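Remarks on the overall topology
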Amino acid sequence: MLLSNPSSASVPLSISSQFWSKKSAEFLMRTATAISLIRSLSTSIQFHPQSRRCSLFCTISFPRSSPALVLPFKPCRSSFSPLSCAVSSVSTLVQHLEYSSEETREEESKLEISNNGEAERFDFDGSFESIDLKRFSSPGVEVTALEDLPEQWRRSKLAWLCKELPAHKPATAIRVLNAQRKWMKQEDATYVAVHCMRIREHETGFRVYKWMMQQHWFRFDFSLATKLADCLGRERKYLKCRDIFDDIINQGRVPSESTFHILVIAYLSSSGQGCLEEACNIYNRMIQLGGYKPRLSLHNSLFRALLSKTGASCKHYLKQAEFIFHNLTTCGLEIHKDIYGGLIWLHSYQDVIDKERIASLRAEMQSKEIDEDREVLVSVLRACSKLGDVEEAEKTWNKLLCYGKPPSQAFVYAMELYARVGEHKKSLEVFRSMEELFVSRTAVAYHKIIEVLSRSQNKELAESLMREFMDSGLKPLRPAFIDLMYMYYTLGLHDNVESAFFQCLEKCRPNRTVYNIYLDSLVKIGSLDKAEEIFIQMHNNETIGVNSRSCNIILKGYLSCGEHVKAEKIYDLMCQKKYDIEPSSMEKLDYVLSLSRKVIKTPTKLKLSKEQREILVGLLLGGLQIVTDDERKKFAICFEFNENSGIHSVLRRHIHDQYHEWLVNRNELVDGSNDIPCYFRTISHTYFSFYADQFWPNSRPVIPKLVHRWLSPRVLAYWYMYGGYRTSRGDILLKLKGSQEGVLRIVKTLKAKSLDSRVKRKGNIFWIGFLGNNATWFWKLVEPFILGDLKDILQGGCTSPDGIIETENINFDSGYDSDDKASDCNDDDN
C-alpha cells in the first residue's frame, strides 16, 4: 500500500509489527483532530521467516510548514495480518506522539543541572549547559515473543506475572517470584524484567533482576543490565543504578557510555552527601577505564556542580576541575567562557596561588577574544590580595570600575591587599570610597577594616569605626569585638579588654574566643579570683565550654601564684579531657606533682568514654557517616554539619570538643566558632570497626538489630539535635535512614518507654513523629541532655529555621500508627 504526497516533506519510519489493543482504536476516534494532520501514509511490509515477524515501513508526510516529528512505534506481533498491523499502527499514532514528546522533555530536563546562585559562588550565564543535550539510546534486549512459547501454561504464567508483580509491594513481589522457582528460567525472568521496563515499572524490573542473580541458572546478560541501569538512572535512582553498574564491572565488563553518562547525571541531580564526589569518581573512570570521550554537556554539568559549593569549600575541587578542562582541550570541544572564569575563580581560593596558571588562562581567554567579566576580575583581585601584587590589583580595579559599581567583596580584597603590604591608610581609603561609589557597606567590610586597623594598633580609628559599626545595626559584631580585644591585650590595656568583654556580652552572644582573651588578660594582671570565676562559668556553660587553651591559661596562673592544689585539679581535668600541657608549664607542674603524688607516665591509649559512645550512636542515627580504607581495616567518623543551621552551629563546637583527641590535626587550637569547619573527621582507627559493622556495613547506612539496647535519653537527645526538627505545632520529628524492619524495631522500643509515635516515609528517608502529648513526654525525657543554648529553640513551639522546608509536606494526620501498620511502608529507596 503506497500513499504519498510529493509536495510535502517526508519522514521515513521503520515500524515492527505488534498487537494493537482495541483501546488504541478508541483512543484514535477520540483524537481524530490530531490524526487529520497526517497528509499521507506510505507503507511497505517485509516478512522475516526466522523470527516469524513482519516489519512495517511507513513514510508519513506533513505540510512543509509543520515541524518535523519523530514517531516511535512499538513492535507488533505476527499473529495479525500485515493490513491489520498497518491499521493498528495508525490507531496508536497520537498516543506515541504524546509519549515521545513527554519522554524527550523529561530526558532533557534530567540532563540539566541547575545552580542556585548564592553569595561567594561563581555566577554562570544561562547558556552554559544548553550546548549538547543529545539522548543516549540504550542497547536492545532480545526476548522471545510470548506467543512463540510452546506451552500454554507458561504463556499464561508469564502474562500473570507481568500483570501482578508491579501491583505488589517489594516483599510480596519477592515471595511471588520465589513461588515460581520450579519452572522459571533465565528467559522467563528476562521477559518479565523487560516488560516492567516497557511499562516504566523500573523498580519492579530491578527487583526481578536482583532475584535472577540469586538463582542457580543465572547467566549475566550485559544488554539487560545496561538497559535496566540506564532506566533507573534516568529515574534518578542512583543507588540502584550504581548497584547494577558495579555488577557489570564485577563481571569483568566495561559499562556502556550511556550508563556512565546517565549515572553521573543521576549523582549530580541529588543533594545527598558524597554524591558530587561519586559523580567525579564515575566521570574519571568513564575516561580512564572505559576510554570514552564524554559529551560536552557532561563536562559542563560536572564542572558547574563543582562550583556550586561556596568558595571556601569548593577549593578542594581544583584538581578535578583542571582534569575536566584538560579533557575538553584534548577532545577538541568548545570551551565555554564560564569554564575559564570558573577555573580562575577556583585558583583564587587556594591557600597557595598559582600566579602563572591564572596568567595563562587569562592569556588564552584573550587569544579567543573572550572578555573578562566582573566575576573573573573579582577572582583576579582576590588572588592579587593573597599574593600582595599591588600593580596587577590596581589594573584589575580600574577594569572593575568600567563595569560600574564594584561588588562589596572587591573592596574587602583591596583592603586586605594594602594591609598585607603595610599600607593601612590606603585600606581605610578603600573603605571610605564605598560611600563615594554608592556601594552599601556590609558587615564583612566593617570586619575587615577593623581587623586591619586593630593589627596596625591604630586604636582611635579602630574604636571610631567600631562605634560606627554598632550604630549601623549590621551584624554579627563578635568578630570585630575579638579584633579589638586582641589589640587591647597586645597594647597592655587590660581595662579596655574587660570593657570590650562586657560590651560584647551585652551586644551579642560571646563565644569561647572572647572568654579566652578576657581570661588570659585577668591571669596576666594577676586577678586570679576573677579568672577562676570566668573559668568556672565557661566550664559550666556547655555552649561555651573550655578547651586546651583555657586550661593552660588558668594552669599557668595557678602555678605562677603558688596555688598548687588548684593546679593539680586543673591537671586532673586536662588528663580527663586528654588536653596537651604547654611545655612552659610542664617543668613547674612536674615539681608540684612530685611533692604530693608519684607520677607514673603511661602511654595514652585512645578509648571512647560512655558519654562519647552514647553521643556517637545518637549522631549515627541522625545521619553521621563512617568511611573506611580499601581493606576495611580502619574506619573514620566524618562529622558533617549544615552551615546554614543555627542549631548545627552550636552543636558542632560541642562535638568538636567532645572528640578533640580523636580528630585529625587535634593539636591545632581552634577558638572562634566560625573557625571550626562544618566538616571534620577523626583519625582512621580500628576502634570504630564495631560502629562501622553495626551502622555502615557495605558503606551504606543500616539500623542495627541491637539498637533497642542503645536508645538511652542521651542518645535520643543527640539524635534530636543532629537529625531532628520541631514543627510549628510543637510536634517533634526524627529523621532516619534504614530498613523498614529497623524503623519498626525502634518504634517498638520507644513504645516500651511509653512514647507512642507515628512513621511517614518521604523518598528514602523515614520520619518518626511524636505528636501532641507524646512530644511533651519526649522533651521531658531528653531535656537534661539538650545543650543549654538550644533548649529555647527546640522546646518552643516554633520551627527550627533549617527544618521548615524539609518537613512542611509531611502530614502525620493521614498516616498510620507505626507500631500497628509499619509494614505498609514502601521499601523503595533511592
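Right, let's walk through the structure included here. (Residues numbered from 1 in each chain as written. Predicted model: local features only at pLDDT ≥ 70, side-chain atom pairs only at ≥ 80, totals over all residues. Heavy atoms only, no water.)

On to the overall build of the chain, then. Within the chain one finds 39 helices and eleven strands. Out of the 830 residues belonging to the chain, those deemed buried represent 49%. Relative to all contacts within the chain whose residues are 6 or more apart in sequence, the contacts with residues 24 or more apart total 69%. For the chain, the computed accessible surface area is about 40700 Å², with 50% contributed by carbon and sulfur atoms. (Helix = DSSP H or I, 4+ residues; strand = E, 2+ residues; numbered from the N terminus. Buried < 20%, exposed > 50% of the residue type's maximum accessible area, 1.4 Å probe, protein only. Contact = heavy atoms within 4.5 Å. Areas by Shrake-Rupley, 256 points an atom, 1.4 Å probe, with all protein chains shown as cover.)

Glancing now at the sheet that holds strand β6 (residues 679–681). If you walk across this open sheet you meet the three strands as β4-β5-β6, and the pairing is antiparallel. Looking at the sheet topology across the chains shown, the edges are occupied by β4 (625–628) and β6. Put simply, the sheet's adjacent strands are angled 30° from each other on average, direction ignored. Bridge count for β4 against strand β5 (residues 635–640) is four bridges, and the pairing is antiparallel. Residue pairing for β5: Ile 626 is matched across the bridge by Ile 637. (Pairing = 2+ DSSP bridges. Axes fitted to C-alpha atoms, helices over the stretch in contact; angles between N-to-C directions.)

Two numbers describe how helix α19 (residues 390–401) lies on helix α20 (residues 408–420): the axes approach to 11 Å, and their chain directions differ by 160°. Regarding the angle of α19 to α20, the classification is roughly antiparallel. Between α19 and α20 the crossing geometry is left-handed. In this structure, α19 uses Val 390, Ala 393, Glu 394, Trp 397 and Leu 400 to contact α20, whose residues at the interface are Ala 410, Phe 411, Ala 414, Leu 417 and Tyr 418. Each residue belonging to the contact of α19 with α20 can be placed in one class, and the counts come to nine nonpolar, no polar and one charged. (Parallel < 35°, antiparallel > 145°, perpendicular 65-115°, else oblique. Left-handed = near helix turned anticlockwise from the far one by under 90°. Nonpolar A, V, L, I, M, F, W, Y, C, P; charged D, E, K, R; others polar.)

Take the pairing of β5 next. Most of β5 is tucked away, with five of its six residues classed as buried. Looking at chain direction, β5 and β6 are connected through three bridges and run antiparallel. In the sheet register, Phe 639 faces β6, and the bridge partner there is Phe 680.

With that out of the way, let us pick up the pattern of salt bridges. According to the stated counting rule, one finds 30 salt bridges in the structure shown. Taking the shortest distance from any N to any O, the salt bridge between Asp 247 and Lys 210 comes out at 3.3 Å. On the criterion of sequence distance, the pair formed by Asp 247 in helix α10 (residues 238–250) and Lys 210 in helix α8 (residues 202–213) is long-range, its members being 37 residues apart. By sharing partners, the salt bridges in this structure join Arg 362, Glu 372, Glu 392 and Lys 399 into a single network. (Salt bridge = Lys/Arg side-chain N within 4 Å of Asp/Glu carboxyl O.)

Positionally, Asp 389 belongs in the loop between α18 (374–387) and α19. Side chain to side chain, Asp 389 and Lys 355 meet in a polar contact 3.3 Å long. Within the structure, Asp 389 has its side chain in polar contact with the backbone nitrogen of Glu 392 (distance 3.2 Å). Not counting residues within four places of it along the chain, the set of residues in contact with Asp 389 comprises Lys 355, Cys 384 and Leu 417. (Polar contact = N/O pair within 3.5 Å; in protein donor to acceptor, adjacent residues only side chain to side chain.)

The next subject is helix α6 (residues 170–178). By the burial criterion, the buried members of α6 are Pro 170, Ala 173, Val 176 and Leu 177. On an axial view of α6, the arc spanned by its buried residues comes to 120°, and they lie on one face. Elements in contact with the buried residues of α6: α5 (152–164) and α8. (Arc of directions from axis to C-beta.)

So, on to the packing of helix α16 (residues 337–348) against α18. Running from N to C, α16 and α18 cross one another at 25°; their axes reach a closest spacing of 8 Å. One way to sum up the angle between α16 and α18 is to call them roughly parallel. Our pair here, α16 against α18, has a crossing hand that is left-handed. Within the contact between the two elements, α16 uses Gly 341, Ile 344, Trp 345 and Ser 348 and α18 uses Val 376, Ser 379, Val 380, Arg 382, Ala 383 and Lys 386.

With that settled, the discussion passes to the packing of aromatic side chains. Inspection of every chain in the model, using the stated rule, returns 29 aromatic pairs. Where Tyr 209 meets Phe 218, the ring centres are 6.4 Å apart and the plane angle is 85°; that geometry is what we call edge-to-face. You'll find Tyr 209 and Phe 218 in the same group, each marked buried. Aromatic side chains Phe 639 and Tyr 659 sit 5.3 Å apart centroid to centroid with 35° between the ring planes, which places their arrangement in the tilted category. (Phe/Tyr/Trp six-rings, centres within 6.5 Å; stacked < 30°, edge-to-face > 60°.)

Residues three or four positions apart in an α-helix share a direction because the helix packs 3.6 residues into each turn. Between its first and last C-alpha atoms helix α9 (residues 222–234) spans 18 Å; for 13 residues at 1.5 Å apiece the expected length is 18 Å, and the two agree. Those residues of α9 that fall on the buried side of the exposure criterion are Phe 222, Leu 224, Ala 225, Thr 226, Leu 228, Ala 229, Asp 230, Cys 231, Leu 232, Gly 233 and Arg 234. (Expected span 1.5 Å × (residues − 1).)

With that settled, the discussion passes to unusual backbone geometry. The amide bond that connects Lys 475 to the next residue, Pro 476, takes the cis arrangement and shows omega of 5°. Assignment of secondary structure puts Pro 476 in the loop between α23 (459–472) and α24 (478–491). The backbone of Phe 438 shows a phi angle near 60°, a positive value even though the residue is not glycine. By the element assignment, Phe 438 lies in the loop between α21 (424–436) and α22 (443–455). At Ser 754, a residue that is not glycine, the phi angle is positive and equals roughly 65°. Checked against the element boundaries, Ser 754 lands in the loop between α35 (740–752) and β9 (758–762).

Turning our eyes to something else, we now look at the environment of Lys 459. Along the chain, Lys 459 turns up in helix α23. Judged by its relative accessible area of 22%, Lys 459 is partly exposed. Discounting residues that sit within four places of it in the chain, Lys 459 has contacts with Met 487, Tyr 488, Leu 493 and Asn 496.

The next subject is the side chain of His 648. In this fold, His 648 is placed in helix α32 (residues 646–658). By relative accessible area, His 648 is classed as buried at 9%. In this structure the side chain of His 648 is engaged in a polar contact, spanning 3.0 Å, whose partner is the backbone oxygen of Tyr 722. Contact partners of His 648, with chain neighbours within four places excluded, come to Phe 641, Asn 642, Met 721 and Tyr 722.

Moving on to the environment of Asp 495. Turning to its location among the elements, Asp 495 is positioned in helix α25 (residues 494–507). For Asp 495, a relative accessible area of 63% puts it in the exposed group. Between the alpha carbons of Asp 495 and Ser 521 there is a distance of 9.1 Å; along the sequence they are 26 residues apart.

Before going further, it helps to spend a moment on the state of the cysteines. Scanning the entire structure with this criterion turns up zero disulfides. Of all cysteine sulfurs in the structure, the one in Cys 508 sits closest to Cys 504, which takes part in no disulfide; the separation is 3.5 Å. (Disulfide = S-S within 2.5 Å.)

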